[in-house]
Structure formats: C-alpha cells, structure tokens
Amino acid sequence: MRVPLIAGNWKMNKTENEAIALVRVLMQRLGPENDVEVLICPPFTSLSQLHKLLVSSSLLLGAQNISEKTSGAFTGEISGKMAAEFCTHVILGHSERRAYYGEMDQLINQKVKAAQDAGLIPILCIGETLEEKDSGLATSVLTSQLKTGLKEIFCDDPSRLIIAYEPVWAIGTGRTAAAAEISDLIARVIRPVLGGLWGEKAANQIRILYGGSVKPANAGSFFNQLEIDGALVGGASLFAEDFLGIIEKAS
Ligand code: PGA
C-alpha cells in the first residue's frame, strides 16, 4: 500500500508572514487524521517559523533544495543537516534547478546522498523536455536521469524515497500530460528502472508522483490511475482553496 502524497512546491514565493497566513488556513481545514500525506515546501526563510507552527500538525514540511556538501565555505548554500532541523523532505533535481542553475544528474546524485545522510526523504524530480519528447527520447532521458541520480543510493526503506515525474513541458504551462500516458510511462519505464536497482518489491513500494499544472479540476484524473501516487503541485499550492481542492481529490 502506497500512501498518497500531495506536495506543494512554493518555489520563490511568499514572505514569512504570507507563509504563516496560508499555513494557518491549511491547518484549520485539514483534519488531524488524513488518509493522504500532505507536504509543503516553502522557501528556506519561512521554515523555522512554520516548523514551530506545525509542531502538533500532520502537515509535513520540506525544503526545495539542499547543498551536496555537508558544511564549510560554500556561500549561499544550505546543508542537509540545516534543513533537517525543520524538514522531513527535500525536493531535488527540479527541472528549474536543472535548467536555470545547471544542475546535472551527477550533482543531483550527490544531493540525494546528502539528503539521506541528513535523514531527509528525497523527492527526486525527473522529466523530459518537449524536444526530447517529440524526438522520441522520453524513455531514455528518464532512464538515465533515474540511473545516474540514484547511483549507489541505498533504499532500505522504500517509503523514504519518492520520485516525481514532471514533464518539463507541463510545468507552469497549463498543459498536462494525459493521465493514462503518465501511468503507462511509470509502469513501463520508471518502476522497472527502480526494480533494476532495488528489486521489484521495493520498486512497488516507492511512491511516484506526477507534477505539471495539477489543479483541482484535473487532479482526479491523475489520482484515478493506480500508478500515480500523488502530485507535486507548484502554482496551485500557493492558494489554500486550490491546494485543498487537490488534497480532497486524493482522499
Ligand atoms: P506547476 O509546477 O504545478 O505550477 O506546473 C509544478 C512543479 O514545478 O513542481
């Protein structure tokens, strides 16, 4: 049984006060017991305050990135240990990190290791660009992102590793991949690669999320697919009603 996860990636949005206001609404509206795990990933600057606010809440807190290094002279970076003071999860290898900050699979692999060493649950993002999709390269791109990103990573507990499949052409564009197509890709490519790394049993326990323009109106179509274990939500996670609407569809 894979427990569905709805994760909100706030990206570079919301000051601390704005973050607190949104989280207060989410806390009021989400019951104490949920059949869905709910995670929010605000900017680093709000983590400490939100951690205090969420102390007795089921709402989970994650970071959007960490350094591959453990400590030292790395100006502007945040280590896994620092994030783990407040967070349980960390998003790694998001397509915006890959496209705008030159993050490559080898570096992302080091970050996955750093996250595990710090006791964080990595959410490894993978996804093909439109050109790659149109050239029939989606399978090979996803396979290589997974194999390199997860090289020499241990998976003793499959509930502590999450994959987010986010086709780059579907992020923030309003365009989504067809739910059946995503499910097929997970079954045909993503789970078998995970199975090759850690065996079929572990692969069947790892949660695989879909991300890319998920909204309350289309969320149900994704969650109806057995292979899709939840969503990584960007834009819609910034608005309480939209995010709650998506969570409701997963319940
Ligand atoms: P979006 O972003 O929901 O705004 O498309 C998803 C993501 O980048 O994780």
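Participant: When you look at the pattern of salt bridges in this model, what are you seeing that I'm missing?
Facilitator: Opposite charge on two side chains allows them to pair when their charged atoms are near. Counting across every chain of the model gives 11 salt bridges. Put simply, Asp229 and Arg2 hold a salt bridge, and the shortest N to O gap is 2.8 Å. With Asp229 in the loop between helix 10 (216–223) and strand 8 (230–233) and Arg2 in the segment before strand 1 (5–9), this residue pair connects regions lying 227 residues apart in the sequence. Among the salt bridges present, the one from Arg191 reaches Glu227, with a minimum N-O distance of 2.6 Å. With a gap of 36 residues between them, Arg191 in helix 8 (residues 179–198) and Glu227 in the loop between helix 10 and strand 8 connect regions that are remote in the sequence. Take Arg191 and Glu227: they sit in the same class, and that class is buried. Via salt bridges that share partners, Arg2, Arg191, Glu227 and Asp229 belong to a single interconnected network.

Participant: Can you help me understand the sheet that holds strand 7 (residues 207–211) in this one?
Facilitator: For sheets, the rule is that strands pair by backbone hydrogen bonds, running either parallel or antiparallel. In spatial order, the strands read 1-2-3-4-5-6-7-8; together these 8 strands close into a barrel with parallel pairing. On average, adjacent strands in this sheet sit at an angle of 25° to one another, irrespective of strand direction. In this sheet, strand 4 (residues 89–92) lies alongside strand 3 (residues 60–63) in parallel orientation, the contact comprising 2 bridges. Bridge pairing in strand 4 links Ala63 to Val90. Strands strand 1, strand 2 (37–41) and strand 8 of the sheet are contacted by helix 11 (residues 240–250), whose axis makes an angle of about 165° with strand 1.

Participant: I keep staring at the packing of aromatic side chains and nothing clicks. Help me out?
Facilitator: Two aromatic rings, taken as a pair, are described by how far apart their centres are and by the angle between their planes. Throughout the structure, instances matching the rule amount to 1 aromatic pair. The ring of Tyr101 has Arg97 sitting right over it, with the charged end atom 4.3 Å from the ring centre.

Participant: Explain the site of the ligand here, please?
Facilitator: Taken together, 13 residues are adjacent to the ligand, and Lys11, His94, Glu166, Gly172 and Ser213 come closest. His94 has a polar side-chain atom sitting 2.7 Å from an oxygen atom of the ligand. At 2.7 Å from an oxygen atom of the ligand is found a main-chain nitrogen or oxygen belonging to Ser213. Protein chains bury 96% of the 280 Å² of accessible surface belonging to the ligand in isolation. Split into classes, the residues belonging to the shell around the ligand amount to 4 nonpolar, 7 polar and 2 charged.

About the thresholds
- Counting of residues starts from 1 at the beginning of each chain's written sequence and follows it residue by residue.
- Local features in this predicted model are restricted to residues whose pLDDT is 70 or higher, and side-chain atom pairs enter the listing and the counts only when it is 80 or higher, whereas totals over whole chains, interfaces and linings include all residues.
- Remark: hydrogens and water are excluded; side-chain values derive from all non-hydrogen atoms of the structure.
- The term salt bridge refers to a side-chain nitrogen of Lys or Arg lying within 4 Å of a carboxyl oxygen of Asp or Glu.
- Helix and strand assignments come from DSSP, with helices taken as H or I runs of at least 4 residues and strands as E runs of at least 2, each series counted from the N terminus.
- In this scheme, a residue with accessible area under 20% of its type's maximum is buried, one over 50% is exposed, and one in between is partly exposed, where area comes from a 1.4 Å probe on protein chains only.
- Paired strands are those between which DSSP finds at least two bridges.
- To obtain each axis, a line is fitted to C-alpha atoms, and for helices this fit is confined to the stretch in contact; angles are then taken between N-to-C directions over 0 to 180 degrees.
- Here, residues are in contact when the closest pair of their heavy atoms is within 4.5 Å.
- Between the rings of Phe, Tyr and Trp (Trp by its six-membered ring), a pair exists once the centres lie within 6.5 Å; its type follows the angle of the planes, with under 30 degrees stacked, over 60 edge-to-face, and the other angles tilted.
- Over a ring means this: the NZ of a Lys or the CZ of an Arg is within 6 Å of the ring centre and within 35 degrees of the ring normal.
- Whether a residue is near a molecule or strand depends on its heavy atoms: it is near if one of them lies within 4 Å of it.
- In the analysis that follows, any N or O atom pair within 3.5 Å is treated as a polar contact, provided that within protein one partner can donate a hydrogen and the other can accept it, and provided that, for residues neighboring in sequence, both atoms belong to side chains.
- Computed with a 1.4 Å probe, the accessible areas rest on the Shrake-Rupley method; for each residue, only the protein chains presented here act as cover.
- Gly is placed with the polar residues, together with every amino acid not listed as nonpolar (Ala, Val, Leu, Ile, Met, Phe, Trp, Tyr, Cys and Pro) or charged (Asp, Glu, Lys and Arg).

Spatial relationships are all this shows, so hold off on functional conclusions.
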